[in-house]
Amino acid sequence: MKAMLEQLYNKVSTRHLSCDIWLVMTAAALAAIGWVMVSSASIGLLDNSYHYVRQHGLYLAVSVIATVLVVSLPTEAWRQNAGLLMVISIVMLLLVLFIGQEVNGSKRWIALPGPLPSIQVSEFGKLGLIVYMAAFMSRFVLELRQHHLSIIRPLMILAVPGLLLLKAPDFGGVVVYTVCVIGMLIMAGASLLIIIGISLLLGGAFTLLVIMEPYRLARWTSFLDPWADQFATGYQLTQALIAFGRGQVTGTGLGNSVQKLHYLPEAHTDFIFAVLAEEMGMLGAISLIILFTLFILRALLIARRAELAGHLFGAYVAYGIAFVIAAQAFINMAVSSGLLPTKGLTLPLISYGGSSLLVTGVMIGLLLRIDVETRQHPKRAPIARKMPRQVRR
């Protein structure tokens with residue numbers, strides 16, 4: 001039995017390859033499924049039935065190019081420019097409040113001139129936050145582990161983009177940002193007791209934010225009983241649940257969704273998981289969840305290997321990416337299935353959207369680059385308070 005397990009491990013192991021092929025295959029599978037589902041969910045939304053199909057294909061091509069470019073860029077370049085990336089992110093989050101396009105009462109997009117698409121600022125802000133936090137934690141890892149109150153500094157940094165997102169308002173973005181930073185702090189070895197206490201305080205603050213805004217409170221009450229007001233506050237969720245019910249086990253078949261025909265709002269973006277469940281059924285929904293789980297596990301494995309090799313910056317970047325993808329995927333699928341209140345968050349690699357695809361492509365490139373550098377320099381290095389700039393990761 002042991003020999004069989006070892007033989008199976010050797011077959012699936014990627015340690016003799018130049019990169020993590022399982023991560024590449026999982027990302028490619030998710031992107032392919034996303035293009036197919038956007039094609040299916042968007043047919044009939046416009047006079048030109050293939051508008052979203054072509055646009056999504058173009059975004060996908062640009063994202064692949066971005067992934068290749070990022071793979072060729074050393075992680076040290078990201079670390080050296082972490083502060084600049086964070087400043088750019090904050091400036092963009094501030095700028096969108098003044099010149100951003102208002103859609104459904106929220107300013108999240110900046111319109112570019114000419115035929116260029118609008119950019120969703122909060123998506124690019126994730127990159128700046130992850131890279132800056134990774135640079136900070138890799139430099140002060142001993143302080144985070146030995147001095148419990150040192151956790152206040154990264155949380156104060158998180159508060160800046162968090163408050164700007166609330167001003168937009170983008171409550172879902174705040175949750176994703178917070179999960180990312182808290183997760184990175186846990187992996188950096190910060191005090192769990194302090195983190196739990198702060199998490200409880202943040203949970204209380206989020207509860208107050210929900211109660212203070214009538215539209216947020218309405219979403220919570222409709223989430224608890226969407227059928228009580230199924231034609232108003234509970235409309236999106238009830239239509240999504242109908243899609244899940246029609247899909248049953250094996251689905252109605254690709255392209256045969258009824259809910260996408262102007263019944264389910266945002267069928268090609270926020271609620272694309274419901275369309276997939278209707279057309280592919282429970283088996284298709286579970287398969288997608290398995291693919292996301294595999295992607296996140298491979299990202300965490302890359303992070304752990306980099307941490308053991310002493311590449312702390314790369315490790316914390318990989319941890320941050322894993323937590324962002326996990327949080328966003330979980331929230332999107334939970335919202336579509338009625339486990340969480342309705343929030344406007346895209347499903348990474350699946351939903352239609354140029355900004356989301358591009359940022360996810362950059363994240364995949366970063367994961368692959370970290371994995372390549374770890375394989376090239378697998379020797380473990382001790383954690384030091386101050387590391388020379390030329391070797392700090």
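Computed from a prediction, not measured in an experiment: that's the story for all the values here.

Peer 1: Explanation requested: the overall build of the protein in the structure shown.
Peer 2: Within the protein one finds 15 helices and three strands. By the compact-globule yardstick of 21 Å for 393 residues, the protein fits well, its C-alpha radius of gyration being 21 Å. In terms of overall dimensions, the protein has a C-alpha envelope of 60 × 55 × 50 Å along the principal axes. The buried share of the protein, reckoned over its 393 residues, is 50%. Total accessible area computed for the protein in this model is approximately 18500 Å², and 70% of it derives from carbon and sulfur atoms. Across the protein, the centroid of the 29 positively charged side chains sits 13 Å from that of the 18 negatively charged ones.

Peer 1: Any chance you could explain helix α6 (residues 121-139) here in plain terms?
Peer 2: In an α-helix, one turn spans 3.6 residues; hence positions three or four apart end up facing the same way. Between its first and last C-alpha atoms α6 spans 27 Å; for 19 residues at 1.5 Å apiece the expected length is 27 Å, and the two agree. Within α6, 16 of the 19 residues are buried, leaving the element largely enclosed by the surrounding structure.

Peer 1: Whenever I open this one, the pairing of strand β2 (residues 106-110) confuses me. Can you help?
Peer 2: A regular strand places its side chains on the two faces of the sheet in alternate fashion. Here strand β1 (residues 101-103) runs beside β2; their pairing, made up of three bridges, is antiparallel. Its bridge partner lying in β2, Gln101 is registered against Trp109. If you look at the hairpin formed by β1 and β2, you'll find two residues sitting between the two strands, and Asn104 has a positive phi there, around 55 degrees. With two bridges joining them, β2 and strand β3 (residues 119-120) adopt antiparallel strand pairing. When the sheet's bridge partners are listed, Ile110 is paired in β3 with Ile119.

Peer 1: What's the story with the sheet that holds β2 in this structure? I'm lost.
Peer 2: The strand order across the open sheet formed by three strands is β1-β2-β3, and the pairing between neighbours is antiparallel. The open sheet has two free edges, formed respectively by β1 and β3, since each of these has just one partner strand. The sheet contacts of helix α5 (residues 82-99) involve β1, β2 and β3, and relative to β2 the element is tilted by about 110 degrees.

Peer 1: I'm lost on the packing of helix α13 (residues 272-308) against helix α14 (residues 312-336) in this one. Help?
Peer 2: Packed helices, taken two at a time, are described by the angle their axes make and the gap between the axes. Relative to each other, α13 and α14 sit at 165 degrees, their axes nearing to 9 Å. Taken together, the axis directions place α13 and α14 in an arrangement best described as roughly antiparallel. The way α13 lies across α14 gives a crossing that is left-handed. For the contact of α13 with α14, the per-class residue count stands at 20 nonpolar, three polar and two charged.

Peer 1: Would you take a moment to explain a nonpolar patch on the surface for this structure?
Peer 2: Residues Val249, Met282, Leu283, Ile286 and Ile290 make up a contiguous nonpolar surface patch of about 450 Å² in total accessible area. Assessed through its relative accessible area of 43%, Met282 is described here as partly exposed.

Peer 1: Sorry if this is basic, but what is going on with the confidence of the model for the protein here?
Peer 2: When pLDDT is averaged across the protein, the result is 87; 92% of the residues are at 70 or more. Contacts of residues 384-393 to residues separated by more than four positions or lying in other chains number 22 contacts, the stretch itself having pLDDT below 50.

Peer 1: How do you make sense of the packing of aromatic side chains when you look at a structure like this?
Peer 2: How two aromatic rings sit relative to each other is given by the distance of their centres and the angle of their planes. This model, assessed by the stated rule, comprises five aromatic pairs. With a centroid separation of 4.9 Å and an interplanar angle of 85 degrees, the aromatic rings of Tyr52 and Tyr352 are classed as edge-to-face. Taken together, the residues Tyr52 in helix α3 (residues 51-71) and Tyr352 in the loop between α14 and α15 (354-376) connect sequence positions 300 residues apart. Ring geometry for Phe136 against Phe140: centres 5.1 Å apart, planes inclined by 45 degrees, an arrangement best described as tilted.

Peer 1: Can you help me understand the nonpolar core in this one?
Peer 2: Within soluble globular proteins, side chains that are nonpolar tend to cluster in buried spots. Met137, Leu185, Phe292, Tyr316 and Leu347 are the most contacted members of the largest nonpolar core, which totals 105 residues. Non-local contacts of Leu347, meaning those with residues more than four positions away in its chain, are made with Ile272, Phe273, Leu288, Phe292, Ala329, Asn332 and Met333.

Peer 1: Would you take a moment to explain the packing of α3 against α15 for this structure?
Peer 2: The N-to-C vectors of α3 and α15 enclose an angle of 25 degrees; their axes lie 8 Å apart at closest approach. Accordingly, the angle class assigned to the pair α3 and α15 is roughly parallel. Every pair of crossing elements has a handedness; the one defined by α3 and α15 is right-handed. Only Gly354, Leu357, Leu358, Gly361, Val362, Ile364, Gly365, Leu366, Leu368 and Arg369 of α15 make contact with α3, whose side of the interface consists of His56, Tyr59, Leu60, Val62, Ser63, Ala66, Thr67, Val70 and Val71. Its residues assigned to classes, the contact of α3 with α15 comprises 12 nonpolar, six polar and one charged.

Peer 1: Hey, could you run me through the side chain of Ser40 in this one?
Peer 2: Note that Ser40 resides in helix α2 (residues 21-42). With relative accessibility at 6%, the residue Ser40 sits in the buried group. In terms of polar contacts, Ser40 uses its side chain to reach the side chain of Glu279, at 2.8 Å. Apart from the residues within four sequence positions on either side, Ser40 is in contact with Leu254, Gly255, Lys260 and Glu279.

Conventions adopted
Every chain's residues receive numbers from 1 upward, in the order its sequence appears when written. Only residues with pLDDT of at least 70 get local features here, since the model is predicted, and only at 80 or more are side-chain atom pairs given and counted; chain-wide, interface and lining totals rely on the full set of residues. For the side-chain quantities, the full set of heavy atoms in the structure was used; hydrogens and water were omitted. For helices the rule is a DSSP run of H or I covering at least 4 residues; for strands it is a run of E covering at least 2, with both sets numbered from the N terminus onward. With C-alpha atoms as the basis for the radius of gyration, the globule rule is written as 2.2 Å multiplied by the number of residues raised to the power 0.38. Exposure classes here rest on a 1.4 Å probe applied to the protein chains alone. A residue is buried below 20% of its type maximum, exposed above 50%, and partly exposed in between. With residues, only the protein chains shown are counted as cover, and all accessible areas are computed by Shrake-Rupley using a 1.4 Å probe. All tallies of charge rest on Lys and Arg as positive and Asp and Glu as negative; His and the ends of each chain are not included. Just so you know, the charge point we use is NZ for Lys, CZ for Arg, CG for Asp and CD for Glu. What a helix is expected to span follows from its residue count: subtract one and scale by 1.5 Å. At least two DSSP bridges between two strands are needed for those strands to be called paired. Contacts are residue-level and defined by heavy atoms, with any inter-residue pair within 4.5 Å sufficient. Axes here mean lines fitted to C-alpha atoms, for a helix over just the part in contact, with angles spanning 0 to 180 degrees between N-to-C directions. Working rule for angles: under 35 degrees goes down as roughly parallel, over 145 as roughly antiparallel, 65 to 115 as roughly perpendicular, anything else as oblique. Here a crossing is taken to be left-handed if its near helix is turned anticlockwise relative to the far helix by less than a right angle, and right-handed if that turn runs clockwise. Note on residue classes: Ala, Val, Leu, Ile, Met, Phe, Trp, Tyr, Cys and Pro are nonpolar, Asp, Glu, Lys and Arg are charged, and everything else, Gly too, is polar. Note that patches include only residues with greater than 30% relative accessible area and no salt bridge, and the join distances are 9 Å for like charges and 5 Å for nonpolar side chains (Val, Leu, Ile, Met, Phe, Trp, Tyr). Each reported salt bridge corresponds to a side-chain nitrogen of Lys or Arg within 4 Å of a carboxyl oxygen of Asp or Glu. By definition, pLDDT measures how confident the predictor is in each residue, and it falls between 0 and 100. Stacked, tilted and edge-to-face are the three classes assigned to paired rings of Phe, Tyr and Trp, where Trp is represented by its six-membered ring and a pair needs centres within 6.5 Å; plane angles under 30 degrees give stacked, over 60 edge-to-face, the rest tilted. To define a nonpolar core, start from buried Ala, Val, Leu, Ile, Met, Phe, Trp, Tyr and Cys residues and group those joined through side-chain atoms within 4.5 Å. For this analysis, a polar contact is any N or O atom pair within 3.5 Å, provided that within protein one partner can donate a hydrogen and the other can accept it, and provided that sequence-adjacent residues contribute only side-chain to side-chain pairs.

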